[in-house]
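What follows is each chain in one-letter form.
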Amino acid sequence: MSEPGAGTATTTAAVVVPAEPSVSLTRSVTREVGKAGRYLGQALRLMVGLPDYDNYLSHMAATHPGGPVMSYEAFFRDRQSARYGGRTGPCC
């Protein structure tokens, strides 16, 4: 009679765990989490009807350099008018 386990091969996998995460990986993850947070914030503001003035300014600088830029108050009134069609009271 042979001993238990005799003649069977046993393999163990070596797991290499770095002592510290890579700095570039940490920065990459941090950047992606920050980007996701900005998108989430923008989506929440749009859902409750708050216009995104910073996004408007970025758009104007990138696509219409030197063009006229609305003040925050004018931008807010324009977005409110676009959303509600210029109505000031209930429709009925």
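Before any of the text, the structure's been laid out above.
Attention in this report is confined to the structure presented alongside it. (Residues numbered from 1 in each chain as written. Predicted model: local features only at pLDDT ≥ 70, side-chain atom pairs only at ≥ 80, totals over all residues. Heavy atoms only, no water.)

Scanning the protein from N- to C-terminus turns up three helices and zero strands. From first element to last, N terminus to C terminus, the protein shows the α and β order α-α-α. Of all 92 residues assigned to the protein, the portion counted as buried reaches 8%. Accessible surface, the protein as shown: approximately 8,100 Å² in total, 61% of it carbon and sulfur. (Helix = DSSP H or I, 4+ residues; strand = E, 2+ residues; numbered from the N terminus. Buried < 20%, exposed > 50% of the residue type's maximum accessible area, 1.4 Å probe, protein only. Areas by Shrake-Rupley, 256 points an atom, 1.4 Å probe, with all protein chains shown as cover.)

On to the pattern of salt bridges. Scanning the entire structure with this criterion turns up two salt bridges. The shortest N-O distance in the salt bridge between Lys35 and Glu32 comes to 3.7 Å. Placement of the pair is Lys35 and Glu32 together in helix α1 (residues 23–47), with a separation of three residues, close to one helical turn. Note on Lys35: relative accessible area 33%, which makes it partly exposed. Glu32 sits in the partly exposed class, given a relative accessible area of 43%. Here Arg79 makes a salt bridge to Asp78, at a shortest N to O gap of 3.0 Å. (Salt bridge = Lys/Arg side-chain N within 4 Å of Asp/Glu carboxyl O.)

The grouping of Leu40, Leu44, Met47, Val48 and Leu50 at the surface amounts to a nonpolar patch, some 520 Å² of accessible area in total. Along the chain, Leu50 falls in the loop between α1 and α2 (53–63). Of the residues examined, Leu50 reaches a relative accessible area of 42% and is grouped as partly exposed. (Patch = residues over 30% accessible without salt bridge, like charges linked within 9 Å, V, L, I, M, F, W, Y side chains within 5 Å.)

On to the packing of aromatic side chains, then. One pass over the structure, following the stated rule, counts five aromatic pairs. Each ring, one from Tyr53 and one from Tyr72, has its centre 5.3 Å from the other, and the planes form 85°; the classification is edge-to-face. Of this pair, Tyr53 sits in helix α2 while Tyr72 sits in helix α3 (residues 72–84); the two residues are 19 residues apart in sequence, bridging distant segments of the chain. Relative accessible area serves as the criterion here: at 39%, Tyr72 is assigned to the partly exposed category. (Phe/Tyr/Trp six-rings, centres within 6.5 Å; stacked < 30°, edge-to-face > 60°.)

As far as function goes, none of this settles anything; it's purely spatial.
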